[in-house]
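Descriptive structure summary
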Amino acid sequence: MITEVTKLLGIQYPVIQGGMAWVAEHHLAAAVSEAGGLGLIGASAAPAEWVRNEIREAKKLTDKPFGVNIMLMSPYADEVAKVVAEEGVKVVTTGAGNPEKYMELWKNAGIRVIPVVASVALARRMERAGADAVVAEGCESGGHIGETTTMALVPQVADVVKIPVIAAGGIADGRGMAAAFMLGAEAVQMGTRFVASKEAVVHENYKQLVIKAKDIDTRVTGRTTGHPVRAIRNEMTRHYLELEKEGAPFEELEKLTLGGLRRAVVDGDVKTGSVMSGQIAGMVKDEKSCKEIIEQMMNEMEELLKGAPARL
């Protein structure tokens, strides 16, 4: 399928894997790219040399384009920004900050820059700064979220920017993908669905909690602190929400979640760890390879779009 995003990134299908911290490492990124999408290595708050090694390991597994997601609040962001240029990474997505100061470096290295945005204003600013596309991420997503839903955000962003828009949040199958395209997107980004892929190197406890989740099983913590995070409900989220309701100070809330994602993803502690997941977890019923996930999505969307005139 050819779209503005597939042409921009040199990929076969308009499917991008989210740069999830502790989840999006080189095995998953390479598998998604090999399957025709764009895989991402999640740099998160990792040191630059860890990111460099992940990039080199991914190159051993695929010769297709893949990218790195850089969390701009990371203390290593400056070093990681240089590493992706030095290592010839094709695409950088960014979150938790403004990438403008790195634009010249990345553009000179031939990198496509795609910031993740949760508002129309930020999308406009990123276009002015030279972004090649934006990911409009709705609050259905897992992890750190904004306030606007994908259904409302994507068309509003698509209406005001000339660069391609990638939809994220609440997408796990061909129906969600078709809807995203109808809203004005040129591709989709998925995180939660790829957590339940065979190539995702995450603890089985984490993977199974996503697969067993129901539609109402995610909770958003941190709204009072200005840092809302969506995760599957467990002992940690219940305790956090109770403390929030009681007006606990930020430091006490922060202490509760410190290292929580790593505990869930790596150690399998799905009781006191942070099991970040989107609302779409309720639709994820099984584990498939990245190739199977992407091909099934594309087939579903094709059938839906073929039949659309007959249903209207």
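Here is a short report on the structure shown in this document. (Residues numbered from 1 in each chain as written. Predicted model: local features only at pLDDT ≥ 70, side-chain atom pairs only at ≥ 80, totals over all residues. Heavy atoms only, no water.)

**Here we look at helix α4 (residues 77-86)**
Among the residues making up α4, those that are buried are A77, V80, A81, V83, V84 and A85. Looking at the buried positions of α4, the neighbouring elements they touch are β2 (39-44), α3 (48-61), β3 (66-71), β4 (91-95) and α5 (103-108). With its phi angle positive at about 70°, G88 sits one or two positions after the end of α4. (Buried < 20%, exposed > 50% of the residue type's maximum accessible area, 1.4 Å probe, protein only. Helix = DSSP H or I, 4+ residues; strand = E, 2+ residues; numbered from the N terminus. Contact = heavy atoms within 4.5 Å.)

**Looking at the pattern of salt bridges**
By the definition in use, this model includes 22 salt bridges. A salt bridge links D286 to K288; its shortest N-O distance comes to 2.7 Å. Taking the relative accessible area as the measure of exposure, D286 reaches 32% and is therefore partly exposed. Three or more residues joined by partner-sharing salt bridges are found here, namely E49, R52, R56, E86 and E87. (Salt bridge = Lys/Arg side-chain N within 4 Å of Asp/Glu carboxyl O.)

**Some thoughts on the sheet that holds strand β9 (residues 187-190)**
What the eight strands build is an open sheet, ordered β1-β9-β8-β6-β5-β4-β3-β2; its pairing is parallel. Each of the sheet's edge strands pairs with one partner strand only, and the pair in question is β1 (15-17) and β2. Taking the axes of each pair of neighbouring strands and ignoring which way they run, one obtains an average angle of 25° across the sheet. Note: strand β5 (residues 112-117) against strand β6 (residues 134-137), two bridges, orientation parallel. For V117, the partnering residue across the bridge sits in β6 and is A136. Packed on one face of the sheet, α3 meets β2 and β3 and runs near 165° to β2. (Pairing = 2+ DSSP bridges. Axes fitted to C-alpha atoms, helices over the stretch in contact; angles between N-to-C directions.)

**With respect to the pairing of β2**
Extensive coverage of β2 is indicated by the burial of five of its six residues. Sheet topology note: the β2/β3 ladder contains five bridges and is parallel. Along β3, the bridge assignment pairs L40 with G67. Chirality of the crossover, the property in question, places the unit of β2, α3 and β3 among those that are right-handed. (Right-handed = clockwise from strand over helix to strand, strands pointing away.)

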